[in-house]
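Secondary and tertiary structure notes
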Amino acid sequence: MTAAGSSAAGSSAGSSSAASSGASGSGSTTFDGAGFTCAEGTLRSSGSTAQGKVMEQWIADFNAKCNANLNAYGGGGSGKGIQDFIGNQVDFAGSDSALKEDQATQAASQRCAGNPALNLPMVTGPIALAYNVSGVSDLTLTPEILAGIFSNQITTWNDAKIAAANPGVTLPSLAIQSVHRAEDSGTTENFTKYLKAAAPDAWTVDAAKSWSQPGGVAAQGSDGVSKQVKSTDGSIGYVEWGFAKDDGLNVAKIDNGSGAVELTAESAGKAVAAATVVGTGKDLALKLDYATKEAGAYPVILVTYEIVCSAGNSADTAPTLKAFLGYTATDGQAALTDLGAAPLPAEIQAKVIESALSIA
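Remember, predicted model here, so these are calculated numbers, not experimental data.

Procedures and definitions
Residues numbered from 1 in each chain as written. Predicted model: local features only at pLDDT ≥ 70, side-chain atom pairs only at ≥ 80, totals over all residues. Heavy atoms only, no water. Buried < 20%, exposed > 50% of the residue type's maximum accessible area, 1.4 Å probe, protein only. Helix = DSSP H or I, 4+ residues; strand = E, 2+ residues; numbered from the N terminus. Pairing = 2+ DSSP bridges. Contact = heavy atoms within 4.5 Å. UniProt positions renumbered as here; feature names shortened; annotations may be inferred. Disulfide = S-S within 2.5 Å. Salt bridge = Lys/Arg side-chain N within 4 Å of Asp/Glu carboxyl O. Axes fitted to C-alpha atoms, helices over the stretch in contact; angles between N-to-C directions. Left-handed = near helix turned anticlockwise from the far one by under 90°. Arc of directions from axis to C-beta.

Of all eight residues in helix α5 (residues 143-150), seven are buried, a share of seventy percent or more. When we look at burial in α5, the residues that qualify are Pro143, Ile145, Leu146, Ala147, Gly148, Ile149 and Phe150. One or two positions beyond α5, positive phi appears at Asn152, with a value near 65 degrees.

In structure tokens form, the structure reads like this:
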């Protein structure tokens with residue numbers, strides 16, 4: 001797979017016929033060219049706060065483009081979004097993890113009139129290790145160090161392991177305060193998946209949406225984690241890149257074994273491009289390689305999915321649902337870099353367009 005560029009507008013649509021038919025004269029994939037048309041309905045949504053800023057922008061832009069009236073994105077975390085979707089409280093949900101088998105079964109039987117629910121990757125969301133340590137503006141961390149910090153085994157910033165990874169950096173004898181999510185969160189699940197894959201000897205608990213390790217401080221939502229880190233000297237938290245950027249936080253480089261990698265849209269795209277599609281049919285659930293040692297790939301990432309019924313949507317919502325997801329997969333990708341996210345790699349984008357076109 002190719003790495004995501006700095007703008008989805010410049011991405012080729014790959015081998016998908018739907019996407020290639022959408023290529024404009026400049027070679028970009030557009031809403032109109034891919035075969036989508038506007039619809040003027042309304043939609044309800046909730047879920048992952050990782051995509052909150054992106055969804056706010058997308059809804060505003062789509063409403064303006066199509067004279068639609070989509071409701072504000074409800075947020076609340078991935079767990080809430082999935083629960084709301086299965087309970088028919090929303091028309092689509094945002095989640096930082098694909099539906100688990102039991103959730104997919106529930107969604108098909110209770111929500112989608114016997115049809116499969118789809119996991120459509122839409123936002124590449126790098127997870128920033130944002131920190132606030134007086135006098136330190138350049139910091140490299142390894143998976144083993146992160147596992148030690150977030151399991152309360154490494155408790156001061158001048159710990160020998162941190163010092164060894166940061167030669168020449170003066171580290172204070174300051175207590176570390178780790179910050180984690182208070183509610184069930186796909187960001188937590190993805191971060192703990194990373195620790196489990198990249199530091200299996202140091203991180204011994206299973207990945208989960210809920211935080212289970214001792215110590216640290218809990219904060220509500222991505223915004224809460226970012227604000228807590230900003231207000232507390234000595235703190236570090238895992239948070240979506242856009243929130244760290246908005247709060248002006250320093251972000252650690254990550255060394256998975258091939259050298260320190262700075263978080264950028266390009267470095268995150270390199271990691272997502274290595275993902276494998278494990279969903280079947282039009283479902284595009286991905287398996288990410290958190291332990292990748294590819295040079296220049298930033299490994300601590302998540303992909304936010306939009307979860308939607310493949311068919312069985314109401315006649316009132318289906319056209320608007322198809323139009324909105326088509327917009328987010330095409331024109332909407334160009335807004336991501338400015339919002340602290342990264343566009344989809346071209347080959348994945350092409351598959352998402354094809355799936356969105358099939359929604360009924």
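This brings us to the sheet that holds strand β4 (residues 140-141). With mixed pairing, three strands are arranged side by side in an open sheet as β4-β9-β10. Strands with a single pairing partner mark the edges of an open sheet, and in this sheet they are β4 and β10 (260-261). In this sheet, β10 lies alongside strand β9 (residues 253-255) in antiparallel orientation, the contact comprising two bridges. Looking at the pairing, Asp255 lines up with Ala260 of β10.

A separate point is the environment of Pro172. Relative to the helices and strands, Pro172 is located in the loop between α6 (160-165) and β5 (177-181). A residue is classified by how much of its surface remains accessible, and Pro172, at 24% relative accessible area, is partly exposed. Linking Pro172 and Gly224, residues 52 residues apart in sequence, is a C-alpha distance of 25 Å. Not counting residues up to four positions away in its chain, the partners in contact with Pro172 are Val133, Ser134, Val136, Trp157 and Asn158.

Let us now look at the UniProt feature "binding site: phosphate" (unreviewed entry) in the chain. Here the UniProt feature "binding site: phosphate" (unreviewed entry) sits at Ser48, Thr49, Ala50, Ser78, Asp96, Ser185, Gly186 and Thr187. Taking the farthest pair of C-alpha atoms as the criterion, the annotated set spanning 140 residues converges on one region, since that pair is 9.2 Å apart. Residue placement: Ser78 occurs in helix α3 (residues 78-86). Those residues in contact with Ser78 that sit more than four places away from it in its chain are Gly47, Ser48, Gly94, Ser95, Asp96, Asp184, Gly186 and Lys209.

Summed over all chains, the structure comprises two disulfides. Two residues share a disulfide in this structure: Cys38 and Cys66, whose sulfurs sit 2.0 Å from each other. Its S-S torsion of about -65 degrees marks the bond between Cys38 and Cys66 as left-handed, since a negative value means left-handed. Residue Cys38 is found in the loop between α1 (17-20) and β1 (45-47), and its partner Cys66 is found in helix α2 (residues 52-66); the two are separated by 28 residues along the sequence. Taking relative accessible area as the criterion, Cys38 reaches 39% and is therefore assigned partly exposed. A residue is classified by how much of its surface remains accessible, and Cys66, at 3% relative accessible area, is buried. In this model Cys112 forms its disulfide with Cys309; the gap between the sulfur atoms is 2.0 Å. Taking the sign of the S-S torsion, about -80 degrees here, the bridge from Cys112 to Cys309 comes out left-handed.

All right, on to the pairing of strand β7 (residues 235-240) then. Of all six residues that make up β7, six are buried, and the element is covered over most of its length. Alternating residues of β7 divide into Ser235, Gly237 and Val239 and Ile236, Tyr238 and Glu240, and every residue in both groups is buried. Relative to β7, strand β3 (residues 117-132) runs antiparallel, the two sharing six bridges. Note on β7: the bridge partner recorded for Ile127 is Glu240. Pairing geometry for β5 and β7, over three bridges, is parallel. Looking at β7, one finds that Gln177 is bridged to Ser235.

Attention shifts here to the pattern of salt bridges. This model, assessed by the stated rule, comprises eleven salt bridges. Across the salt bridge formed by Asp84 and Lys80, the nearest N and O atoms sit 2.6 Å from each other. Placement of the pair is Asp84 and Lys80 together in helix α3, with a separation of four residues, close to one helical turn. Looking at Asp84, the relative accessible area reads 12%, which means it is buried. For Lys196, the salt bridge is made with Asp206, and the minimal N-O distance between the two is 3.8 Å. Here Asp206 lies in the loop between α7 (186-198) and β6 (217-219) and Lys196 lies in helix α7, a separation of ten residues in the sequence. A relative accessible area of 31% means that Lys196 is categorised as partly exposed. Residue Asp206 is classed as exposed on the basis of its relative accessible area, which comes to 61%.

The next subject is the packing of α2 against helix α11 (residues 318-329). Running from amino to carboxyl end, α2 crosses α11 at an angle of 120 degrees, the nearest separation of the two axes being 10 Å. Every pair of crossing elements has a handedness; the one defined by α2 and α11 is right-handed. The residues of α11 that touch α2, namely those facing Met55, Trp58, Ile59, Asp61, Phe62 and Lys65, are Thr320, Ala323, Phe324, Tyr327 and Thr328.

Listing the buried residues of helix α4 (residues 101-111) in full gives Gln103, Ala107, Ala108 and Arg111. Each buried residue of α4 sits inside an arc of 135 degrees when the element is viewed along its axis, so together they form one side. Every exposed residue of α4 that faces more than 90 degrees away from the buried side is listed here: Glu101, Ser109 and Gln110. In this structure, the buried side of α4 is in contact with α3, β3 and β13 (301-309). Where α4 ends, the next residue or the one after it, Ala113, has phi of about 55 degrees, a positive value.

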